Every structure is written in C-alpha cells, then in structure tokens.
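A closer look at the structure
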Amino acid sequence: MKNTIGLIVLLFLFSTCQKKDFDIVNLNGNKITILGHGGMGIANRYPLNTFESIQNCLSIGADGTEIDVQMTKDGVLIAFHSESLDDKTDASGKVYTQTWNAIEDARYVDPIYSNYRILSLDELFSNLSNIGEHTFFLDCKNFDPDTSLTYLNAFSNALIQLIDKHQLVNNIYIELKRRDVIENLKNKRPDLNIFVYTSFDIGLAIADELALQGIVVAVDKISTEEVATAHASGIMVAVFNAHSQSRNIAAIEKNVDFVQTDKLRHLIKMLN
Amino acid sequence: MKYIFIFIVVLISSLNNQAISQSDSTNTARNAVYLEAGGLATYGSINYERLLPLKNKWNLALRIGFGSYRLKDFNDQFNPDLIIPIAIYGLYGKQHKVEFGFGQAITNIVRANPSNFQVERESKLSANFTIGYRYQNVAGGLFIRIAYSPIIEFYKNYRHWGGVSVGYGF
C-alpha cells in the first residue's frame with residue numbers, strides 16, 4: 001500500500017514537472033519569446049520593476065522582461081506599476097505630479113527589512129548586463145490625463161531618446177493603450193515596434209489601421225482562432241496574465257508570439 | 001479549638017499551593033525549538049528558546065532564530081538573505097501562558113547598490129514587541145504559540161505583524 005502511494009506521488013510529481021513538446025507556429029520565427037512580468041512576476045519577493053527583479057529574471061534565462069513605464073513631471077521615465085506611489089512605496093502622490101529628484105530615494109515598503117528602490121529606465125539600461133541580447137516590453141502607463149501636444153511630444157521624445165541612447169531599437173517593444181500617444185510616437189518614429197493594449201477586436205482594428213506590429217491581450221481573453229486571425233493579418237500577439245502554470249501552457253498552445261508571465265521558471269522549463 | 005483547626009487547614013493549603021507554584025516555575029523542559037510562520041523574520045523562521053524559571057507561574061524566555069527571504073541573489077548565485085530574530089519574553093501561566101516581550105531583528109539583506117547596481121549586503125537593526133499566547137507543557141512535548149508582534153522596521157516604520165509557531169519542548 002505504502003509503495004503504491006509512493007509510486008502515485010512520484011508519477012504526479014513527474015507529470016507536473018515534465019517538459020512537453022509544442023509545435024509552435026507564429027510570426028516570431030515559430031518561437032515564443034519568454035518575458036517576465038515586471039521581472040520575476042507579481043508573486044515574487046522582489047517587488048515588480050525593481051533592478052533586482054529584472055536582473056534576476058534575465059539571469060535565470062528569460063528572453064527578456066515586461067517593464068511598467070511612467071513619466072515624471074520633469075520628463076524622466078521610471079519603472080513603476082501603480083498610478084500612485086503610496087501604493088507600494090514610502091513616497092506619496094501620483095508619479096506624473098512628482099519630479100524625479102523628489103522620488104528617486106523612494107523605497108518599496110515590502111518585503112519588510114528590504115531596501116529596494118524605485119528605478120529610472122536610464123539607470124536600468126545603463127546597469128543591466130548584456131542588454132543587447134534581451135527583449136524589453138515597455139508597458140507604458142499614461143495615467144496623466146493631459147492630452148496636449150506638449151505632453152504627447154514630451155512622452156514620445158523621452159522614449160525615443162532612451163531607446164536611441166542605449167541602441168535598443170531592435171530590442172524594445174512599446175506597449176501603449178492611448179490612441180493619441182500611439183499616433184504621436186508612430187508619426188515621429190515609424191521604425192519602432194509598437195503594440196496596442198486593449199481587447200482583441202479593437203486592438204486588431206487599431207493595429208491594422210495604424211500599421212502597428214502587434215496587440216497585447218490577456219491570455220484568457222483570446223482564443224487560438226483569434227491568434228491565428230491576427231497572424232493572418234501580419235499582426236503579432238503578446239499575452240499577459242499568465243499567472244499560473246496552466247495559463248503558461250494555454251499561451252503556448254495558442255501560438256502567441258510573446259508571453260509575459262508570472263510563472264517564469266515554469267515557462268522557461270516548458271520552452272527551453 | 002475551632003480557630004486553630006481552620007488556621008492549620010489554611011496553612012497546609014497555602015503551603016501546598018506554594019509547592020505547586022514552585023514546581024510550576026521550575027519547568028522540567030527548559031528548551032524548545034519551533035517553526036514560526038510569519039513573526040519576527042516576517043515570512044518564517046526556525047527558532048531555539050531557553051526557559052528560565054522565576055517565581056510562581058513566571059518564566060523568562062530567551063529566543064534566537066533564523067529566517068531568510070531567498071538563498072540566491074539576483075544574479076542567481078548562492079548568497080542568502082539573513083534574518084536573525086532575537087527576543088526576551090516574560091511568560092505567565094502553567095501550561096497555558098500569556099507572553100509579552102521585546103527584541104531585535106538583525107538583518108543582512110542582499111540588494112543592488114544604489115550607485116553602481118552591483119550586489120551588496122546591507123545590515124540593519126529593527127525592533128519588535130510581542131504579546132501573545134502559548135501552550136507549553138512543563139514536561140515538554142508539543143509547543144504552540146500565537147502572537148501579535150509589531151515590527152519597528154529600521155527603528156522608523158511601525159508595521160503591524162504577527163506569527164504562529166509550532167514546536168517541541170524538551
């Protein structure tokens with residue numbers, strides 16, 4: 001009886017760890033690019049978008065990472081997810097109302113006893129190792145309600161300056177939600193890889209109309225057929241919300257081009 | 001005669017109570033090891049505690065533990081975070097005890113240096129306080145405790161916190 005239980009446990013462990021073979025067909029050279037969500041993912045003890053989380057993600061074998069991007073009042077691009085700094089740090093206020101100087105010493109409040117700090121994208125790309133070998137999905141959070149041309153130009157110029165300074169045109173994919181921001185950036189630099197983040201139908205229409213590279217959709221909000229439809233139009237698909245092993249596998253089976261995952265080690269094991 | 005009898009009964013009874021109290025404070029099991037979920041090392045720790053009997057139902061307990069957030073640093077090299085909680089508790093009760101006390105957490109956490117982003121270890125001290133309940137048999141065996149243990153992180157930030165422990169007394 002004991003032996004039978006032991007055998008069942010071993011078989012279960014073996015089946016959950018087993019690497020599967022996938023026949024991937026997509027627009028990314030039939031390969032899925034493995035991206036961490038904000039580095040090591042939302043459940044990791046490194047806070048999202050910290051240097052520690054992003055460097056750790058790259059060091060364990062991910063192809064790259066998604067990074068949340070916001071712009072401060074004085075035009076500095078920083079890696080931070082929430083609209084308000086109060087949410088995760090010891091600083092306060094909305095990012096776009098603060099200057100970089102005022103928040104550069106802000107630290108994440110969790111986990112207790114840690115001292116991880118907010119990061120500008122320039123600091124990140126200046127200090128990450130081998131950036132040219134990795135892929136970065138910049139998830140731009142344009143929380144600032146300003147729709148003026150001054151704001152749009154400032155945001156686009158900050159992105160362009162960053163990408164050119166670090167020679168990352170081929171490594172960076174820009175994920176945008178606001179149509180005005182997309183149009184402004186696309187007009188300035190048609191060579192940049194721009195993805196629109198919205199629902200599948202709207203995203204496909206916008207990507208088609210503005211000749212964008214791709215769309216970003218939650219993995220549970222897109223079907224295999226819809227991915228095939230996007231691919232048939234020459235539009236790539238990136239998915240997020242892959243926060244479980246089953247969602248990682250679902251993303252692979254849907255033949256998407258990029259997966260932003262919270263279960264990074266599992267996806268690396270599945271695909272490498 | 002009646003009063004003498006009452007006096008003798010009260011005296012015997014009182015001596016008997018004192019004897020019981022003294023044997024309560026002299027625990028036969030003065031050591032305990034336990035795992036704490038949450039608590040002073042924030043996510044969990046393994047701990048050793050030494051009990052020092054005082055008068056009546058009072059005991060003093062000295063604790064030292066070890067916890068960690070991760071064993072590898074952000075370059076995926078073995079380089080563990082170290083969290084060492086130490087504390088002193090006053091305990092009152094027989095098997096069911098109320099505890100209260102204070103202590104320190106000595107932390108040595110790996111992070112990226114804010115200037116050059118290289119791996120560095122940073123040591124800091126944080127204070128903690130505890131009020132809780134524990135079940136601890138005088139003869140040893142099962143040890144259970146639950147405690148509210150707020151942390152004053154880096155002597156600056158007050159953080160509500162708590163923990164649950166299970167261990168063994170011997």
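The notes below deal with the structure included here. (Residues numbered from 1 in each chain as written. Chains lettered and ligands numbered in written order. Predicted model: local features only at pLDDT ≥ 70, side-chain atom pairs only at ≥ 80, totals over all residues. Heavy atoms only, no water.)

A word on the interface of chain A and chain B. Taken together, the contact pairs 23 residues of chain A with 31 residues of chain B. A buried area of about 2,300 Å², summed over both sides, lies between chain A and chain B, and 53% of it is on carbon and sulfur atoms. Per-residue buried area on chain A facing chain B is highest for Arg45(A), Ile112(A) and Tyr113(A); these three make up 38% of the total on that side. Inspection of the chain A/chain B interface yields 2 salt bridges. Between Arg107(A) and Glu153(B) there is a salt bridge; the shortest N-O distance is 3.1 Å. Our count for the contact surface shared by chain A and chain B stands at 15 residue pairs in polar contact (both at pLDDT 80 or more). Sort the elements by how many residues they give to the side of chain A that touches chain B and helix H2 (residues 51-59) of chain A lands first, with 5 residues. In terms of residue class, the side of chain A that touches chain B is built from 9 nonpolar, 7 polar and 7 charged. (Contact = heavy atoms within 4.5 Å. Buried area = accessible area lost by both parts, 1.4 Å probe. Salt bridge = Lys/Arg side-chain N within 4 Å of Asp/Glu carboxyl O. Polar contact = N/O pair within 3.5 Å; in protein donor to acceptor, adjacent residues only side chain to side chain. Helix = DSSP H or I, 4+ residues; strand = E, 2+ residues; numbered from the N terminus. Nonpolar A, V, L, I, M, F, W, Y, C, P; charged D, E, K, R; others polar.)

Let us now look at helix H9 (residues 245-253) of chain A. Residues and elements named next belong to chain A. For H9, the set of buried residues is Asn248, Ile249, Ala251 and Ile252. Buried residues of H9, seen end-on, are gathered within an arc of 155° and therefore sit on one face of the element. Turning to H9, the residues buried within the fold contact strand S9 (236-242), strand S10 (258-261) and helix H10 (264-271). One or two positions beyond H9, positive phi appears at Asn255, with a value near 65°. (Buried < 20%, exposed > 50% of the residue type's maximum accessible area, 1.4 Å probe, protein only. Arc of directions from axis to C-beta.)

All names here are of chain A. Residues Ile67, Leu121, Phe125 and Leu138 are the most contacted members of the largest nonpolar core, which totals 90 residues. Per-element accounting of this core gives the leading share, 8 residues, to helix H5 (residues 149-165). The contact partners of Phe125, leaving out residues within four places of it in the chain, are Ile67, Ile131, Phe136, Leu138, Leu162, His166, Leu168 and Ile172. Core analysis: the second largest hydrophobic core is formed by 10 residues, Leu35, Phe137, Ala218 and Phe258 among them. (Core = buried A, V, L, I, M, F, W, Y, C linked by side-chain atoms within 4.5 Å.)

The next thing to look at is the pairing of strand S7 (residues 141-148) of chain B. Residue and element names in this part refer to chain B. The pairing of strand S6 (residues 119-136) with S7 spans 6 bridges and is antiparallel. When the bridges of S7 are listed, Tyr135 appears paired with Ile144. Bridge count for S7 against strand S10 (residues 162-169) is 8 bridges, and the pairing is antiparallel. Residue pairing for S10: Ala147 is matched across the bridge by Gly163. (Pairing = 2+ DSSP bridges.)

Let us now look at a nonpolar patch on the surface. The grouping of Leu54(B), Trp58(B), Tyr92(B), Val98(B), Phe100(B), Ile131(B), Tyr148(B) and Tyr158(B) at the surface amounts to a nonpolar patch, some 760 Å² of accessible area in total. Along the chain, Leu54(B) turns up in the loop between strand S2 (44-53) and strand S3 (58-66). (Patch = residues over 30% accessible without salt bridge, like charges linked within 9 Å, V, L, I, M, F, W, Y side chains within 5 Å. Areas by Shrake-Rupley, 256 points an atom, 1.4 Å probe, with all protein chains shown as cover.)

All right, on to the pattern of salt bridges then. Where charged atoms from two side chains of opposite charge come close, those side chains can pair. Taken as a whole and judged by the stated rule, the model has 23 salt bridges over all chains. Between Arg179(A) and Glu209(A) there is a salt bridge, with its nearest N and O atoms 2.5 Å apart. In this pair, Arg179(A) sits in helix H6 (residues 179-188) while Glu209(A) sits in helix H7 (residues 200-209), placing the two residues 30 residues apart along the sequence. Arg179(A) sits in the partly exposed class, given a relative accessible area of 33%. A single network of salt bridges, built from pairs that share partners, joins Glu36(B), Glu49(B), Arg63(B), Glu99(B), Arg134(B) and Arg145(B).

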